[in-house]
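# Report on the structure
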Amino acid sequence: MNRDLGIALAQLRFPDAVLAFLRSLMPEAYLLAGLLPLAHPVIESTLAELPILTGEGLTHRYAYSKLPGKASGSAVLVRTAATNEDIPIHRQARERVQEALESRGVRQVVNIGSVIALLHRLREIASLGDRELWQVALHAALEWVDNDVLRKDLAQALRL
């Protein structure tokens, strides 16, 4: 998939504009493409431009900022998305996260937990020969999780 993308991008006159469009239109797919082994170098190098909810914080435009809350509502959002568990999050915690994102000018955020869940599903349904590819991408996605305890919990919940 990524090799074909690289060939297609090489044939374009303005590949950076196409990638910027893809990044704004389908940020989760863009992040997924950047996590795969042999990712296109431009995609891989621009992942940090995306607003990514990483657990306790937000990575956006090559900067990291911790989001408010002691029991970090954002970490609960990531865990819930990754594991599909029904974890209650207090309305005020959710509002604090939303307000913090809005104060940073972020309207649309990629929850790394959603990408982790997608990679986990792809690994589960992949043919035996392709499972390693999805496993590598899944480990790369887990590296974006900014809290060691949450990362270990997710790895255990996903049987990694």
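One structure accompanies this document, and this report is about it.

Quick notes on the rules
Residues numbered from 1 in each chain as written. Predicted model: local features only at pLDDT ≥ 70, side-chain atom pairs only at ≥ 80, totals over all residues. Heavy atoms only, no water. Helix = DSSP H or I, 4+ residues; strand = E, 2+ residues; numbered from the N terminus. Buried < 20%, exposed > 50% of the residue type's maximum accessible area, 1.4 Å probe, protein only. Contact = heavy atoms within 4.5 Å. Areas by Shrake-Rupley, 256 points an atom, 1.4 Å probe, with all protein chains shown as cover. 1 Å grid on protein atoms, 1.4 Å probe; cavity = no way out; pocket = protein on both sides within 12 Å on 5 of 7 lines; lining within 4 Å. Points joined across faces, edges and corners; volume = space filled by probe spheres on them. Nonpolar A, V, L, I, M, F, W, Y, C, P; charged D, E, K, R; others polar. Polar contact = N/O pair within 3.5 Å; in protein donor to acceptor, adjacent residues only side chain to side chain. Pairing = 2+ DSSP bridges.

### Quick look at the overall build of the chain
- When helices and strands are counted, the chain shows nine helices and four strands.
- Reading the chain from its N terminus to its C terminus gives the helix and strand order α-α-α-α-β-β-β-α-α-β-α-α-α.
- Within the span of the chain, comprising 160 residues, buried residues form 43% of the whole.
- Taking all contacts inside the chain whose residues are at least 6 apart in sequence as the whole, residues at least 24 apart take part in 54%.
- Roughly 9,300 Å² of accessible area belongs to the chain as shown, and the carbon and sulfur atoms make up 55% of that amount.

### Structural notes on the layout of surface pockets
- Quantified by volume, the largest pocket comes out at close to 280 Å³.
- Forming the walls of the largest pocket are 15 residues, and the residues nearest its centre are Glu49, Leu50, Pro51, His60 and Gln108.
- Of the residues that constitute the lining of the largest pocket, the class distribution is seven nonpolar, four polar and four charged.

### Comments concerning unusual backbone geometry
- Positive phi values are uncommon outside glycine, yet Leu38 reaches one of about 60°.
- Residue Leu38 is classed as exposed on the basis of its relative accessible area, which comes to 79%.

### Looking at the side chain of Arg123
- Inspection of the secondary structure puts Arg123 in helix H7 (residues 112–125).
- Take Arg123: its relative accessible area is 8%, and that puts it in the buried class.
- At 3.1 Å, the side chain of Arg123 and the side chain of Glu124 are in polar contact.
- For Arg123, the contacting residues outside a window of four places in its chain are Arg131, Trp134, Gln135, Leu138, Leu158, Arg159 and Leu160.

### Remarks on the sheet that holds strand S3 (residues 63–66)
- The strand order S3-S2-S1-S4 describes an open sheet built from four strands, whose pairing is mixed. The strands lining the two open edges of the sheet, one partner per strand, are S3 and strand S4 (110–111).
- Bridging between strand S1 (residues 52–53) and strand S2 (residues 57–60) involves two bridges; their strand directions are antiparallel. Paired with Leu53 across the two strands is Leu58, which belongs to S2.

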